Amino acid sequence: MTSFKRNESGFVLLAVIWVLAAMVLFVGFVASSTERIQANVFADTKEVQRRMEFLGTESTLIYLGATQRMSYAGLTIMPQDEDTLGDEFNPFSHELFAVQGNELRMDSRPYLGLGESRFSIQDTGGLISLRLDAGGDHIRLRMLLEYIGIEDDQATLLLGALEDYIDHDNIASLNGVERGGYPQGALPPTNRFLTSPTQIASVYGWKKALGDQYPFFLREVTAHVGNKDNFNTMTRLGIQTLGEMSEAAIDIIMEHRETNAYTSVNDVNQATGTLIPSDPLSFGSTPDPYMRLALWHEDSRQEHWIGIRFTPMSGYAPWQIDYRVKQVRLAYLPNNKLSNQPDVAFTASAPDSDIFR
């Protein structure tokens, strides 16, 4: 009888231990699940917050682009004083494009947006155009290809394929490729201009030829007209494609426009102390109505690119979104052949902007 009671007590004790162990495991499971749920909720909340910051920054910049004028230096935020309001929309005023000093520069330099977001604006008129004229030399685009390591013979084939991709017929040119030459399953030529720079990857041979230089190439080109010699917004590499120019002269051009703006080729010549190889017919000093807006966060691996056109080029509203794409940030790209081309867009610290602070 005593032995039975002892066994019963031992069984109860063991059962209690198992119950306590089960409760500990259950509490641990609940705590772990709660921690995971909290982490997921935090991540989701952070992502929503970032999207809202991007949307707010984008909307603010679109509003400015649709309502404020452009100056030689970039997109104005607001008139400096009331005296400038009288000439604001006077097309005959000599002060129409005067520098106000509070512009958002359109040369891809970074700014602080809403919250922790960052943004940059690039005037696409100062980039190299992917719109080719049949039979043209495409000198600047060819020079860009040469710089990133593509031989002249291969560049000729690539340019021929691009011509056939955007022309309005299905007849292959001498160095080009039409529908019949594309591999099975590949998208055939659209026979119209590209809608975004990333569409170049669909043109026969381009993605393979560009290889790991593809992301860097995209930063130098535009699907719009481009090729405007605007020394206020051109990239360093874009300036190099104009022809023979010393690194010292390019340094002066980039440094001078930090606080000034070029209104003529003569301004550039005076700043550099040399004759700049620029065609007067292609020179421009004010931004085009097309711009590339880039949005990112400091810890982001990607940038959001938004192609925007402003009135009167837009046919539906004071602005029009041409494309939205994502690109890897330069900081996360290996084999950066442009690393010896310091560009203010990715090396300068982001200044505070009054429109968001």
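That block above? That's the structure.
Each value, and the rule that gives it
Residues numbered from 1 in each chain as written. Predicted model: local features only at pLDDT ≥ 70, side-chain atom pairs only at ≥ 80, totals over all residues. Heavy atoms only, no water. Helix = DSSP H or I, 4+ residues; strand = E, 2+ residues; numbered from the N terminus. Buried < 20%, exposed > 50% of the residue type's maximum accessible area, 1.4 Å probe, protein only. Arc of directions from axis to C-beta. Contact = heavy atoms within 4.5 Å. Pairing = 2+ DSSP bridges. Patch = residues over 30% accessible without salt bridge, like charges linked within 9 Å, V, L, I, M, F, W, Y side chains within 5 Å. Areas by Shrake-Rupley, 256 points an atom, 1.4 Å probe, with all protein chains shown as cover. Salt bridge = Lys/Arg side-chain N within 4 Å of Asp/Glu carboxyl O. Phe/Tyr/Trp six-rings, centres within 6.5 Å; stacked < 30°, edge-to-face > 60°. Lys NZ or Arg CZ within 6 Å of the ring centre and 35° of its normal. 1 Å grid on protein atoms, 1.4 Å probe; cavity = no way out; pocket = protein on both sides within 12 Å on 5 of 7 lines; lining within 4 Å. Points joined across faces, edges and corners; volume = space filled by probe spheres on them.

Backbone geometry places Ser-108, a non-glycine residue, at a positive phi of 75°. Positioned with a positive phi, Asn-227 is a non-glycine residue whose angle comes to about 60°. Inspection of the secondary structure puts Asn-227 in the loop between strand E6 (221-222) and helix H6 (236-240). By relative accessible area, which is 30% here, Asn-227 ends up partly exposed.

Once that is clear, we can look at helix H7 (residues 247-256). Every buried residue of H7 is listed here: Ala-249, Ile-250, Ile-253 and Met-254. Along the axis of H7, the buried positions cluster into a sector of 135°, meaning they face one direction only. Looking at the buried residues of H7, the elements they touch are H6 and helix H8 (265-272).

Strand E7 (residues 290-296) sits mainly inside the fold: seven of its seven residues count as buried. Burial along E7 is two-sided: Tyr-290, Arg-292, Ala-294 and Trp-296 facing one way and Met-291, Leu-293 and Leu-295 facing the other are all buried. Pairing between strand E4 (residues 118-123) and E7: six bridges, direction antiparallel. In the sheet register, Asp-123 faces E7, and the bridge partner there is Met-291. One ladder, built from six bridges, connects E7 with strand E8 (residues 302-310); its direction is antiparallel. Residue pairing across strands places Tyr-290 opposite Arg-309, the latter belonging to E8. Here E7 folds back onto E8, and the loop between the two strands holds five residues.

With that out of the way, let us pick up a nonpolar patch on the surface. On the surface, Val-16, Val-19, Leu-20 and Met-23 cluster together to form a nonpolar patch covering roughly 360 Å² of accessible area. Within the secondary structure, Val-19 sits in helix H1 (residues 2-67). Accessibility expressed as a relative area gives 47% for Val-19, which makes it partly exposed.

Here the focus is the packing of aromatic side chains. Enumeration over the complete set of coordinates arrives at five aromatic pairs. Ring geometry for Tyr-182 against Tyr-204: centres 5.6 Å apart, planes inclined by 70°, an arrangement best described as edge-to-face. Placement of Tyr-182 in the loop between helix H3 (152-166) and helix H4 (206-210) and of Tyr-204 in the loop between H3 and H4 is noted, with a sequence separation of 22 residues between them. A centroid spacing of 5.7 Å and a plane angle of 50° characterise the contact between Trp-206 and Phe-217, whose relative ring orientation is tilted. With a gap of 11 residues between them, Trp-206 in helix H4 and Phe-217 in helix H5 (residues 214-218) connect regions that are remote in the sequence. Given a relative accessible area of 0%, Trp-206 falls into the buried group. In this arrangement the basic side chain of Lys-207 is found over the ring face of Tyr-214, its NZ or CZ atom lying 4.8 Å from the centre.

Now for empty space enclosed by the protein. Evaluation of the coordinates by the stated rule reveals one cavity of 30 Å³ or more. For the largest cavity, the calculated volume is near 30 Å³. Taken together, Thr-124, Thr-222, Ala-223, His-224, Met-291, Gly-307, Ile-308 and Tyr-323 make up the full set of residues lining the largest cavity.

Attention now moves to the environment of Ile-252. Looking at the element boundaries, Ile-252 is found in helix H7. In this structure Ile-252 touches Tyr-262, Ala-271 and Thr-272, once residues within four positions along its chain are discounted.

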